[in-house]
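Spelled out from the first residue to the last, the chains are:
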Amino acid sequence: MSFLRRFIERPPLLFRILFPEAVFRFGTKEKCIYLTFDDGPVPEVTPRVLDILDRYGVKATFFMVGDNVRRHPGLLEEVLRRGHAIGNHTMHHLQGSRVKARRYLSDVREADRYIGSHLFRPPHGWLRWKQAAMLKREFTLVMYDLVTRDYSRHLTADDVVRNVMHYSRPGSIVVFHDSLKSEPRLMDALPRSIEWLKGEGYEFRRLSRPDERL
Ligand SMILES: [Zn+2]
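Because the structure is a prediction, the values reported are computed rather than measured.

Calculation criteria
- Residues numbered from 1 in each chain as written.
- Predicted model: local features only at pLDDT ≥ 70, side-chain atom pairs only at ≥ 80, totals over all residues.
- Heavy atoms only, no water.
- Helix = DSSP H or I, 4+ residues; strand = E, 2+ residues; numbered from the N terminus.
- Buried < 20%, exposed > 50% of the residue type's maximum accessible area, 1.4 Å probe, protein only.
- Axes fitted to C-alpha atoms, helices over the stretch in contact; angles between N-to-C directions.
- Parallel < 35°, antiparallel > 145°, perpendicular 65-115°, else oblique.
- Left-handed = near helix turned anticlockwise from the far one by under 90°.
- Contact = heavy atoms within 4.5 Å.
- Nonpolar A, V, L, I, M, F, W, Y, C, P; charged D, E, K, R; others polar.
- Donors = N, O, S within 2.8 Å, 3.2 Å for Na, K, Ca; no water.
- Core = buried A, V, L, I, M, F, W, Y, C linked by side-chain atoms within 4.5 Å.

Colleague: Help me out: how do you make sense of the side chain of Gln-131 in this one?
Modeller: For Gln-131, the position within the fold is in helix α7 (residues 129-135). Classification of Gln-131 as buried rests on a relative accessible area of 1%.

Structure below.
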């Protein structure tokens, strides 16, 4: 069980080799870190996350579910207005292993109409090879170096902070979730994680925004 947890919390080398075109971590010795938030935006959680980030002067990247943006377009605008980056996380939070490549791609393209970002992160961190091959022609695939597992009701906020402390390293891309599922742990774990990272001398960076695309 603990092996499985570690496997999820930090994707192993084999997994990284399977998706050579995806970004898991930025190769740097500088103490910088990339906070990312998946599965939003939702009115109950996202604005509170934005307030926490503002309080610490942190810029981050939000991988949004297209259907949430369709329902709450003002939240996407607010995330951009506050200086963060956004990415595509499919229209319906599709699990790549459960659908064919063509359907997957059309779901991502539907989300693109609402989100309009060149960044894509697959839900559950998984894609079929063919899906990855098709997507990488249009998007930069962004995976992660560390999953906080803030969504797990088996964890406490302390556990989530411990995961951040245990796995963070220079260039890490860290996953949190601005979702109702994560909310009970996130609101406490996020400020504490930021404070710990700042104390360790980390600088926070976000991925590039659509308007910065070269
Ligand atoms: Zn997700």
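There is more to say after this.
Colleague: Please explain unusual backbone geometry as it appears in this structure.
Modeller: With the exception of glycine, most residues fall at negative phi, and the peptide bonds are largely trans. Following Gly-40, the chain continues into Pro-41 via a peptide bond in cis, with omega recorded as -5°. Residue placement: Pro-41 occurs in the loop between β1 (32-38) and α3 (46-56). Within the chain, Thr-90 stands out as a residue other than glycine whose phi angle is a positive 70°. Residue placement: Thr-90 occurs in the loop between β3 (85-88) and α6 (101-115). Here Thr-90 falls in the buried class, since its relative accessible area comes to 0%. With phi around 50°, His-93 is a residue other than glycine that occupies positive phi space. Mapped onto the secondary structure, His-93 falls in the loop between β3 and α6.

Colleague: Is there a simple way to explain the packing of helix α8 (residues 157-167) against helix α9 (residues 183-199) in this structure?
Modeller: A packed helix pair is summarised by two numbers, namely the angle formed by the two axes and the spacing between the axes. Where α8 contacts α9, the axes come no closer than 8 Å and their chain directions differ by 30°. Taken as axis vectors, α8 and α9 run roughly parallel relative to one another. Between α8 and α9 lies a crossing of right-handed hand. Residues Ala-157, Asp-158, Val-160, Val-161, Val-164 and Met-165 of α8 lie in contact with α9, whose contacting residues are Arg-185, Asp-188, Ala-189, Arg-192, Ser-193, Trp-196 and Leu-197. Broken down by class, the residue content of the contact of α8 with α9 amounts to eight nonpolar, one polar and four charged.

Colleague: Explain the coordination of the zinc ion here, please?
Modeller: For a metal with four tetrahedral donors the ideal donor-metal-donor angle is 109.5 degrees, whereas six octahedral donors ideally subtend 90 or 180 degrees. The coordination sphere of the zinc ion, as far as protein atoms go, consists of Asp-39 (OD), His-89 (NE2) and His-93 (NE2), spread over 2.1 Å. When the donor residues of the zinc ion are listed from N- to C-terminus, their spacing reads D-x49-H-x3-H. One end of the pair, Asp-39, is in the loop between β1 and α3; the other, His-93, is in the loop between β3 and α6, and 54 residues separate them in sequence. Using a relative accessible area of 26% as the deciding quantity, one classes His-93 as partly exposed.

Colleague: Looking at this model, I keep getting lost on the nonpolar core. Mind explaining?
Modeller: Counting residues in hydrophobic clusters, the biggest one holds 38 residues, and the most contacted among them are Leu-35 and Phe-37. For this core, the secondary-structure elements that each account for two or more residues are β1, α3, β2 (61-64), α5 (73-81), α6, α8, β7 (173-177) and α9. Counting residues per element, this core draws most heavily on α9, which supplies six residues. Aside from chain neighbours lying at most four places away, what touches Phe-37 is Val-49, Leu-53, Ala-60, Thr-61, Phe-62, Phe-63, Phe-176, His-177, Asp-178, Leu-186 and Leu-190. Within the second largest apolar cluster, 15 residues are counted, among which are Tyr-104, Phe-120, Leu-141 and Met-143.

Colleague: What exactly am I supposed to notice about the environment of Lys-181 here?
Modeller: By secondary structure assignment, the location of Lys-181 is in the loop between β7 and α9. What makes Lys-181 exposed here is its relative accessible area of 59%. Along the backbone, Lys-181 and Val-45 are 136 residues apart, and their C-alpha atoms lie at a distance of 9.9 Å. Excluding residues that lie within four positions of it along the chain, Lys-181 makes contacts with Asp-150 and Tyr-151.

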